[in-house]
Amino acid sequence: MTVLFDMDGTLFSGDSQLRFARRILRRYGWRRLYLLLLIPCGILRGLRIINTPLMKRAFLSYAWGMKKETLLQECQAFVEEELIPDTFAPVLERLRAHQQAGDTTILCSASPHWWVQFYGKALGFTHTIGTPVALEERVSLFPSIAAPGNNKGANKLLRLADIGITHADIGYTDSRADLPMLSICRKAVLIHPSDALISQVPDGEVMTPPGSVRTIPFTLGCLLGL
């Protein structure tokens, strides 16, 4: 069988992009200056003057100028110290069962491949796909994202097709943004789904593993590195 997994909110609670930003801002406090760029971009995004991919590139400005080697070390430590311990046990059990059965398991996430690659490797996925954000010797301001762009929605189908996946047996997700991904799956498993997602995938299996739901204060805390 071929099994697809979203990452953030599916394998662990919350958004790894916020959590990684919090880690970096806590460890390198002066990088909070990124707010001078992020706040105006956030306003422009709210006014729909800039799009989501550009906002994502602006958000990554907290890492501007960081050496590639340092960033990758931080990514690996982030996965080992924060994401792996927070992985939902029941979902991890499902993943292990698929792996023991010899299934092809694919991690397909919208988060930057910077740390998605380490998480996928740590959990033993057959293939790992994240948003391919450029990483030079030092992180550039507004780092570029390779075509077709942010690995979200229909773009997931394009990148899955690049590795030969056009149909799957099971898809795991928590998000309506993954409806295109679920469209190629025979079965959907919904993790902590919203009522809207359940209404659009009424025959999906629902899982509610123990884990905190991230709140607005949590989001603001991550953005400020608190």
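The present account deals with the structure reproduced in this document. Just so we're clear, the structure is a prediction, and the values are computed from it rather than from any experiment. (Residues numbered from 1 in each chain as written. Predicted model: local features only at pLDDT ≥ 70, side-chain atom pairs only at ≥ 80, totals over all residues. Heavy atoms only, no water.)

A word on the overall build of the protein chain. Scanning the protein chain for helices and strands turns up 10 helices and 6 strands. Expected size for 226 residues packed as a compact globule is a radius of gyration near 17 Å; at 17 Å, the protein chain falls within 12% of this value. The principal-axis extent of the C-alpha atoms belonging to the protein chain is close to 45 × 35 × 35 Å. Here the protein chain, with 226 residues, has 48% of them falling under the buried criterion. For the protein chain, the computed accessible surface area is about 10,700 Å², with 57% contributed by carbon and sulfur atoms. Of the charged side chains in the protein chain, 24 are positive and 20 negative, and the gap between their average positions amounts to 7 Å. (Helix = DSSP H or I, 4+ residues; strand = E, 2+ residues; numbered from the N terminus. Rg over C-alpha atoms; globule rule 2.2 N^0.38 Å. Buried < 20%, exposed > 50% of the residue type's maximum accessible area, 1.4 Å probe, protein only. Areas by Shrake-Rupley, 256 points an atom, 1.4 Å probe, with all protein chains shown as cover. Lys, Arg positive; Asp, Glu negative; His and termini not counted. Charge placed at Lys NZ, Arg CZ, Asp CG, Glu CD.)

If you walk across this open sheet you meet the 6 strands as 3-2-1-4-5-6, and the pairing is parallel. The two strands at the open ends of the sheet, each matched to only one other strand, are strand 3 (127-131) and strand 6 (205-207). Neighbouring strand axes in the sheet, compared pairwise and without regard to direction, differ in orientation by 20° on average. Bridge analysis of strand 1 (residues 2-5) against strand 2 (residues 104-112) gives 4 bridges, and the strand direction is parallel. Bridging across to strand 2, threonine 2 finds its partner in threonine 104. (Pairing = 2+ DSSP bridges. Axes fitted to C-alpha atoms, helices over the stretch in contact; angles between N-to-C directions.)

This paragraph deals with the pairing of strand 5 (residues 185-191). Looking along a regular strand, one sees side chains alternate from face to face of the sheet. Summarising burial for strand 5: 5 of the 7 residues are buried, a large majority. Taken together, the 5 bridges between strand 4 (residues 168-173) and strand 5 define a ladder with parallel strand orientation. Bridge pairing links isoleucine 170 to lysine 187 in strand 5. Pairing of strand 5 with strand 6 involves 3 bridges; the strand directions are parallel.

Before going further, it helps to examine helix 7 (residues 154-162). Every buried residue belonging to helix 7 is among Asn155, Lys156, Arg159 and Leu160, and all of these are buried. Along the axis of helix 7, the buried residues cluster in a sector spanning 140°; they form a single face. Next to the buried residues of helix 7 lie strand 1, strand 2, strand 3 and helix 8 (179-182). Positive phi shows up at glycine 164, right after helix 7, with a value of about 90°. (Arc of directions from axis to C-beta. Contact = heavy atoms within 4.5 Å.)

What follows concerns the packing of aromatic side chains. Each aromatic ring pair is summarised here by two numbers: the centre-to-centre distance and the angle between the ring planes. For the structure shown, the criterion picks out 10 aromatic pairs. Consider the rings of phenylalanine 5 and tyrosine 172, whose centres lie 4.3 Å apart with planes at 0°: the pair is stacked. Within this pair, whereas phenylalanine 5 is found in strand 1, its partner tyrosine 172 is found in strand 4, the two being separated by 167 residues in sequence. The same class applies to phenylalanine 5 as to tyrosine 172, namely buried. (Phe/Tyr/Trp six-rings, centres within 6.5 Å; stacked < 30°, edge-to-face > 60°.)

Okay, a nonpolar patch on the surface next. A cluster of nonpolar side chains, Ile39, Ile43, Leu44, Leu47 and Ile49, forms an exposed patch at the surface whose accessible area comes to about 490 Å². The residue isoleucine 43 is located in helix 2 (residues 35-46) in this model. (Patch = residues over 30% accessible without salt bridge, like charges linked within 9 Å, V, L, I, M, F, W, Y side chains within 5 Å. Salt bridge = Lys/Arg side-chain N within 4 Å of Asp/Glu carboxyl O.)

Here we take up helix 6 (residues 113-123). Burial in helix 6 covers these residues: Trp114, Trp115, Val116, Phe118, Tyr119, Gly120 and Leu123. As for helix 6, its buried residues are in contact with helix 1 (16-27), helix 4 (68-86), helix 5 (89-100), strand 2 and strand 3. Phi turns positive, to about 80°, at glycine 124, one or two residues after helix 6.

What follows covers the pattern of salt bridges. Across all of its chains, the model carries 11 salt bridges by this definition. As a salt-bridge pair, aspartate 86 and arginine 19 come within 3.0 Å of each other at their nearest N and O atoms. Here aspartate 86, found in helix 4, pairs with arginine 19, found in helix 1; they are 67 residues apart in sequence, far enough to count as distant. When its relative accessible area of 4% is taken as the criterion, arginine 19 is described as buried. Residue arginine 23 is joined to glutamate 82 by a salt bridge in which the shortest nitrogen-to-oxygen separation is 3.6 Å. Taken as a pair, arginine 23 in helix 1 and glutamate 82 in helix 4 lie far apart in primary sequence, 59 residues in all. Several salt bridges converge on common partners, so that one network encompasses Arg22, Arg23, Arg27, Glu74, Glu81 and Glu82.

For the rest of this paragraph, the subject is the side chain of aspartate 8. Tracing the sequence through the fold places aspartate 8 in the loop between strand 1 and helix 1. Despite its burial, aspartate 8 pairs with no opposite charge, the nearest such side chain being arginine 19 at 7.9 Å. A distance of 3.0 Å separates polar atoms of two side chains, one belonging to aspartate 8 and the other to serine 111. Residue contacts for aspartate 8: discarding those within four places in its chain leaves Gly14, Asp15, Ser16, Gln17, Ser109, Ser111 and Asp174. (Polar contact = N/O pair within 3.5 Å; in protein donor to acceptor, adjacent residues only side chain to side chain.)

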